[in-house]
Amino acid sequence: EAPLLDVWFKDRNSGFAVGAYGALLATTDGGVTWEDVSDRLDNEDAYHLNTIIEVKDSGLFVVGEQGAMFRSPDWGQTWEQLESPYEGSLFGALSTGEPGGLLAFGLRGHMFRSADFGGSWQRISLKAAGKGELEFGLANGAVFKDGSIVVVGHGGSVLRSIDKGQSFSVMNRPDRLSLAAVAMDNNGRLILVGQGGVHVSAPTDASLGQQ
């Protein structure tokens, strides 16, 4: 009855889904049947779980409401609750592609980077040229084949990193419509999906063209 918000599969058969009210579901038959394994998490307040990701050479990581963070070095069998660097909701997380490296981000432009699978965190300063700190919520992101990382969010925010998430250039589309996801086409252009539909943009020009 509650929405599911993200899914991750280890292979064709084994995977997990996370969602509202602390939902954690597991499947071993490719999603034909699911088992509720929410009790594996120490989540007494049933915070919404927004994202589940794989962190390179480390395990699984989940972020959610009120800064909820959980990690599993054994790929979902057991989970450890972590102290979060932020008490507001975290909407997304990404592996940086480095062993143990990940980003977590959410409300009001808050983004944090860890190099040790969430053991410690560094706040990433996000500033648009001449406009001060970014205060729009960050919703989703992707890591591309060239190693670049792009994160998108409210206010038409498009953030790009070419140094494994240590720093980001910050742009906002002129229409300021919220963005929910990003992908890259075969020509290296960004496909931005959100409130205004689908937009196509060069990686360094968030306002270029749309369709």
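Everything discussed here concerns the structure shown above.
Computed from a prediction, not measured in an experiment: that's the story for all the values here.

Asks: Explain the pattern of salt bridges to me, please; I cannot follow it from the model alone.
Replies: Side-chain pairing between opposite charges can occur once the charged atoms of the two side chains come close. Taken as a whole, this structure holds 5 salt bridges when the rule is applied. Linking Arg-108 and Glu-135 is a salt bridge whose minimum nitrogen-to-oxygen distance equals 3.3 Å. With Arg-108 in the loop between strand S10 (102-106) and strand S11 (111-114) and Glu-135 in the loop between strand S14 (132-133) and strand S15 (138-143), this residue pair connects regions lying 27 residues apart in the sequence. On the accessibility criterion, Arg-108 (49% relative accessible area) is partly exposed.

Asks: Would you mind showing me how to read the sheet that holds strand S17 (residues 157-161) here?
Replies: Through backbone hydrogen bonds, the strands of a sheet pair up, either in parallel or in antiparallel fashion. Reading across from one edge, S15-S16-S17-S18 is the order of the 4 strands in this open sheet, with antiparallel pairing throughout. In the strand order of this sheet, the two ends are held by S15 and strand S18 (169-172), each with one partner. Direction aside, neighbouring strands of the sheet carry axes that sit 20° apart on average.

Asks: For this particular structure, what's the right way to read the packing of aromatic side chains?
Replies: Given two aromatic rings, their pairing is described by the distance between the two centres and the angle made by the two planes. Under the criterion given, the structure shown has 5 aromatic pairs. Ring plane angle 15° and centroid distance 6.2 Å describe the contact between Trp-8 and Trp-75, whose orientation is recorded as stacked. You can see Trp-8 sitting in strand S1 (residues 4-9) and its partner Trp-75 sitting in the loop between strand S7 (69-72) and strand S8 (80-81), a full 67 residues away along the chain. The buried category is assigned to Trp-8, whose relative accessible area is 10%. Looking at Trp-75, the relative accessible area reads 27%, which means it is partly exposed. Summarising the aromatic geometry, the rings of Phe-61 and Trp-121 are spaced 6.0 Å apart at their centres and angled 65° between planes, so their arrangement reads as edge-to-face. Of the two residues, Phe-61 is situated in strand S6 (residues 59-64) and Trp-121 in the loop between S11 and strand S12 (122-123); the sequence distance between them amounts to 60 residues. The residues Phe-61 and Trp-121 share a single accessibility class, namely buried. By the ring-pair criterion, three or more aromatic residues cluster together here, those being Phe-61, Phe-117 and Trp-121.

Reading the values: the criteria
Residues numbered from 1 in each chain as written. Predicted model: local features only at pLDDT ≥ 70, side-chain atom pairs only at ≥ 80, totals over all residues. Heavy atoms only, no water. Salt bridge = Lys/Arg side-chain N within 4 Å of Asp/Glu carboxyl O. Helix = DSSP H or I, 4+ residues; strand = E, 2+ residues; numbered from the N terminus. Buried < 20%, exposed > 50% of the residue type's maximum accessible area, 1.4 Å probe, protein only. Pairing = 2+ DSSP bridges. Axes fitted to C-alpha atoms, helices over the stretch in contact; angles between N-to-C directions. Phe/Tyr/Trp six-rings, centres within 6.5 Å; stacked < 30°, edge-to-face > 60°.

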